[in-house]
Amino acid sequence: MPLALTLPAHYYTDPDQFRREIEHFFMRNWVCAGRSGELPGRGDFVVREVGEESIILVRDDAGAIRAFFNVCRHRGTRLCAEPVGKTGGTIRCPYHAWTYDLAGRLIGAPHMDEAPGFRPEDWPLAGVSTAEWDGHVFINLGDDPKPIADQLGALPDRFRPWGMAELVEARRISYDVAANWKLIIQNYSECLHCPVIHPALTRLSHYLSGENEPAAPGYLGGAMTLREGVASMTPEGTTRRPTLPGLGPAECRSVQYYAILPNLLLSLHPDFMMTHLLWPRAEDRTEVVCSWHFHPGAMARADFDPSDAVAFWDETNRQDWRVCELSQQGIASRAYRPGPYSGREDLLRAFDALILRELGDLPPQS
């Protein structure tokens, strides 16, 4: 069997390659756009930038989440300029006041009654497919997307004990990382770097305790075991929060780390959930939005304080982003050549193979 090698440099440094990947992985697959709790009431909206597209997600009159391209059907003006807000019940173009209801139907078009053949029902907002999984909201910009169940595979059943739909965001931090989006997924998917980069993490969970499951087309990941006496991933390994109510003893002794492709990193702890949303902005830049979510029962307690979990992972995140940026810089060198993977980097090899297979590219080695 030939030695498994990392991808050639252009997969991380070439702008044209970056655009290929955005078109294939972010415009045709289900992309996580956040949590349903970000849209608590009728008319609440958020805007997500996916590649060069701007997408409005809004809670409609019936309580469902809908998504539309952020483009007026009159002369193409962007409708929502703010990243989050309330519509007041309609979406109104700031240019010529074309107005749409929360289902995307055109209900107001000044002066168009004089245009021969004009019918408002012919000019709704361009819709985007939406789906929800246990509180996570996904969008798909493709014309005829497959069911999201095809992408998630066995994960809904496996993660049902965590009751993710019930969990509430308590803290969010956005990071601007000068690295390709794939480097962040690769870094997340192995812990061989942990003794060098994350000494605090290694004190809580042995870096070789991880058990990865075989990579699936829509996700890759596995679990790591907490050391004896460690209750959660916090600076001291302790927590005053109760474990999540649906978990059994075995689930309280591990942390699940899964990359739901292409952009959700899901970390399930005994007492909280952490998510990372990856938004690629350039071949060498990724916006990463990290959020910490807790059970509402724990949040209602007088002693609730998420700062231990936030502090631990914020430090760990920044350590990771630094080495991802160093990787990006090194790969951009004329001296870089694909290097060999170890036998414990199976998820990285599988991720590379998925990239090559889905793009129709030849493998980097014979």
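Scoring rules and cut-offs
- Residues numbered from 1 in each chain as written.
- Predicted model: local features only at pLDDT ≥ 70, side-chain atom pairs only at ≥ 80, totals over all residues.
- Heavy atoms only, no water.
- Salt bridge = Lys/Arg side-chain N within 4 Å of Asp/Glu carboxyl O.
- Helix = DSSP H or I, 4+ residues; strand = E, 2+ residues; numbered from the N terminus.
- Buried < 20%, exposed > 50% of the residue type's maximum accessible area, 1.4 Å probe, protein only.
- Pairing = 2+ DSSP bridges.
- Axes fitted to C-alpha atoms, helices over the stretch in contact; angles between N-to-C directions.
- Phe/Tyr/Trp six-rings, centres within 6.5 Å; stacked < 30°, edge-to-face > 60°.
- Lys NZ or Arg CZ within 6 Å of the ring centre and 35° of its normal.

### Some words on the pattern of salt bridges
Enumeration according to the criterion identifies 21 salt bridges in this entry. A salt bridge links R42 to D61, with the nearest nitrogen and oxygen atoms 2.4 Å apart. Taken together, the positions of R42 in the loop between β1 (31–35) and β2 (44–50) and D61 in the loop between β3 (53–59) and β4 (65–69) put the pair 19 residues apart, joining distant regions of the chain. A single burial state applies to R42 and to D61, both of which are exposed. Among the ionic pairs, D44 bridges to K86, the shortest N-O distance being 2.7 Å. Of this pair, D44 sits in strand β2 while K86 sits in strand β5 (residues 84–86), placing them 42 residues apart in sequence.

### Considerations on the sheet that holds strand β10 (residues 136–140)
With antiparallel pairing, seven strands are arranged side by side in an open sheet as β1-β10-β9-β4-β3-β2-β5. For this open sheet the edge positions go to β1 and β5, each flanked by a neighbour on one side alone. Geometrically, the sheet is characterised by an average inter-axis angle of 30° between neighbouring strands, direction not taken into account. In this structure, β3 lies alongside β4, joined through five bridges in antiparallel fashion. Residue pairing for β4: I55 is matched across the bridge by F69.

### Let's talk about the packing of aromatic side chains
In the structure shown here, the tally under the stated rule is 13 aromatic pairs. An angle of 55° between the planes, with centres 6.0 Å apart, marks the rings of F25 and W181 as tilted. Residue F25 is found in helix α2 (residues 15–26), and its partner W181 is found in helix α5 (residues 181–188); the two are separated by 156 residues along the sequence. Take F25 and W181: they sit in the same class, and that class is buried. Seen in terms of ring centroids, Y175 and W321 are 5.6 Å apart; in terms of plane orientation they differ by 65°. Their pairing is edge-to-face. With Y175 in strand β11 (residues 168–177) and W321 in helix α9 (residues 307–331), this pair connects stretches of sequence that are 146 residues apart. Accessibility expressed as a relative area gives 5% for Y175, which makes it buried. For W321, a relative accessible area of 8% translates into the label buried. One aromatic cluster is present, formed by F25, F26, W181 and F351 through successive ring pairs. Sitting over the ring of Y12, K182 keeps its end group 4.7 Å from the ring centre.

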